[in-house]
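Now for the letters of each chain:
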Amino acid sequence: MTPTERFDVTKKNALCINCLSPSHQLKNCSSGACRVCNQKHHTMLHQRTNPSSSQQAHTQSSKLSSSSGSQSSSSPSVHINHSQSSHAKQLARFWEIESCHSSSTLSLEEAACEQHFARNTVQDSTGRFIVTLPKRESEFARLGSSKVIATRRFLSLERRLNADPQLKQAYTAFINEYEQLGHMKLIDNPDPRHPAYYLPHHCVVRPDSTTTKLRVVFDASCSTDTGMSLNDALMVDPQVQDDLVSIILRFRIPQFAVISDIEKMYRQIGMNSVDQQLQLILWSDSPSETMRTYQLTTVTYGTSSAPYLATKLSPELDQKAILQPQLP
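Residues numbered from 1 in each chain as written. Predicted model: local features only at pLDDT ≥ 70, side-chain atom pairs only at ≥ 80, totals over all residues. Heavy atoms only, no water.

### With respect to the pairing of strand S7 (residues 280-283)
Turning to step 1, where the next piece is worked out: Where burial is concerned, the two faces of S7 agree: the one with Leu280 and Leu282 and the one with Ile281 and Trp283 are both buried.
Turning to step 2, where the next piece is worked out: Bridge count between S7 and strand S8 (residues 292-296): four bridges; the pairing is antiparallel. Counted as the bridge partner of Ile281 is Tyr294 from S8. (Buried < 20%, exposed > 50% of the residue type's maximum accessible area, 1.4 Å probe, protein only. Helix = DSSP H or I, 4+ residues; strand = E, 2+ residues; numbered from the N terminus. Pairing = 2+ DSSP bridges.)

Here is the structure:
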């Protein structure tokens, strides 16, 4: 689609031309501006102008101004302003002030993380997004072996589960569901051509919770034998969500508000096959069985990049669904 066609689709569906949301119009939008011209419209709707024509118009405006200045004082003065964009800039600035929106500046690492996401995020044949972990190459090269500590942590977990049959039943059910949904798969041995990282795991019991009473936590901050953990080797991600003040203020504007939750949000996103080796876990159903190695195939909570990868894809899905509805 051309920017003009996208703009027509946006107006036809009564969407905000700045963030493509159907819930409000431009004057109520608190999202950032166009990354090309910094005006209040979406970057995908940016209309590229011809620089030579703009320069020519500016030259003509200057000539007219000089010609009127050379006339006698008795002659009426005529001022012609060809800069229509100045009014648009002033209006955009007004809405930015009113929306309490503050533009943020990304650090070098945050900008590199954004570029990494744009280059390495793809969709498979089913439409599911496949992402890659944003790694710091220098720290990642120092990632050591983690199987010994992961084995020791699992044996400790196994003793705790054997002492509490009810907890063991819930934990085993979680592991079995993880495998049945295709979110992890059994492997014999990691591919020696690529680095491997074993994630220790444990459970947090919340008896008062109405949804998830047992939550399994994967520890990507566990240090390897070199003192480096997987989280240490991942980039610092930029903040994707709006700050809390903006969210609360925006929440008060419409008459109705809807709150929802995406079930297993992180696990709806696939992980690149090479980086799946950085998400290995150990498990056995009983102490008499040999420990098995599983490879997690989706974005895993416990890794520092998981919140960024999940929330970054939410607006991507919205935009693709609106502008390219033919996608699966």
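### Considerations on the packing of aromatic side chains
Turning to step 1, where the next piece is worked out: All told, the structure shown has six aromatic pairs when counted by the stated rule.
Turning to step 2, where the next piece is worked out: Between Phe117 and Tyr308 the ring centres are 6.0 Å apart and the planes differ by 75°, which places this aromatic pair in the edge-to-face class. Of this pair, Phe117 sits in helix H4 (residues 108-120) while Tyr308 is found in helix H9 (residues 306-323), placing the two residues 191 residues apart along the sequence.
Turning to step 3, where the next piece is worked out: Ring centres of Phe174 and Tyr178 lie 5.4 Å apart, and the angle between their planes is 65°; this geometry places the pair in the edge-to-face category. You can see Phe174 and its partner Tyr178 sitting in helix H7 (residues 165-180), four residues apart, about one turn around the helix. Tyr178 carries the same exposure label as Phe174, and that label is buried. (Phe/Tyr/Trp six-rings, centres within 6.5 Å; stacked < 30°, edge-to-face > 60°.)

### Some thoughts on the sheet that holds strand S6 (residues 270-271)
Turning to step 1, where the next piece is worked out: Read from one edge to the other, the open sheet built from three strands follows the order S1-S2-S6, with strand pairing classed as mixed. Each edge of the open sheet carries a strand with a single partner, namely strand S1 (122-123) and S6.
Turning to step 2, where the next piece is worked out: Taken together, the two bridges between S1 and strand S2 (residues 129-131) define a ladder with antiparallel strand orientation. By the bridge assignment for S2, Gln123 is matched with Phe129.

### A look at the side chain of Gln277
Turning to step 1, where the next piece is worked out: By secondary structure assignment, the location of Gln277 is in the loop between S6 and S7.
Turning to step 2, where the next piece is worked out: Relative accessible area serves as the criterion here: at 5%, Gln277 is assigned to the buried category.
Turning to step 3, where the next piece is worked out: A polar atom in the side chain of Gln277 sits 3.3 Å from the backbone oxygen of Pro195.
Turning to step 4, where the next piece is worked out: If we skip the residues at most four places from it in the chain, Gln277 touches Pro190, Asp191, His194, Pro195, Ala196, Tyr197 and Gln295. (Polar contact = N/O pair within 3.5 Å; in protein donor to acceptor, adjacent residues only side chain to side chain. Contact = heavy atoms within 4.5 Å.)

### Structural notes on the pattern of salt bridges
Turning to step 1, where the next piece is worked out: The final tally for this structure, using the stated rule, is nine salt bridges.
Turning to step 2, where the next piece is worked out: With a closest N to O distance of 3.5 Å, Arg292 and Asp285 form a salt bridge.
Turning to step 3, where the next piece is worked out: Taking relative accessible area as the criterion, Asp285 reaches 30% and is therefore assigned partly exposed.
Turning to step 4, where the next piece is worked out: Within this structure, Glu177, Glu263 and Lys264 form a network of salt bridges that share partners. (Salt bridge = Lys/Arg side-chain N within 4 Å of Asp/Glu carboxyl O.)

### What about the sheet that holds S8?
Turning to step 1, where the next piece is worked out: Across the sheet, three strands lie side by side as S3-S8-S7; this open sheet has antiparallel pairing. Lying at the two open borders of the sheet, with one neighbouring strand each, are strand S3 (184-187) and S7. Averaged over all pairs of adjacent strands, the angle between strand axes in this sheet comes to 35°, irrespective of strand direction.
Turning to step 2, where the next piece is worked out: Examined bridge by bridge, S3 and S8 share four bridges and lie antiparallel to one another. Paired with Leu186 across the bridge in S8 is Tyr294.
Turning to step 3, where the next piece is worked out: In this fold H7 packs onto S3, S7 and S8, with an angle of close to 135° to the strand it touches most, S7. (Axes fitted to C-alpha atoms, helices over the stretch in contact; angles between N-to-C directions.)

### What to know about unusual backbone geometry
Across the chain, the bulk of peptide bonds are trans and the bulk of non-glycine residues have phi less than zero.
Turning to step 1, where the next piece is worked out: Here the phi dihedral of Asn38 falls at roughly 65°; this positive angle occurs in a residue that is not glycine.
Turning to step 2, where the next piece is worked out: Position of Asn38 among the secondary structure elements: in the loop between helix H1 (3-12) and helix H2 (51-69).

### Points about the packing of helix H6 (residues 147-162) against H7
Each pair of packed helices can be summarised by the angle the axes make with each other and by the distance between the axes.
Turning to step 1, where the next piece is worked out: Between H6 and H7, the shortest axis-to-axis distance is 6 Å and the interhelical angle comes to 125°. One way to sum up the angle between H6 and H7 is to call them oblique. Every residue of H7 that contacts H6 at Leu157, Arg160, Leu161 and Asn162 is listed here: Pro165, Leu167, Lys168 and Tyr171.
Turning to step 2, where the next piece is worked out: Of the residues that constitute the contact of H6 with H7, the class distribution is five nonpolar, one polar and two charged. (Parallel < 35°, antiparallel > 145°, perpendicular 65-115°, else oblique. Nonpolar A, V, L, I, M, F, W, Y, C, P; charged D, E, K, R; others polar.)

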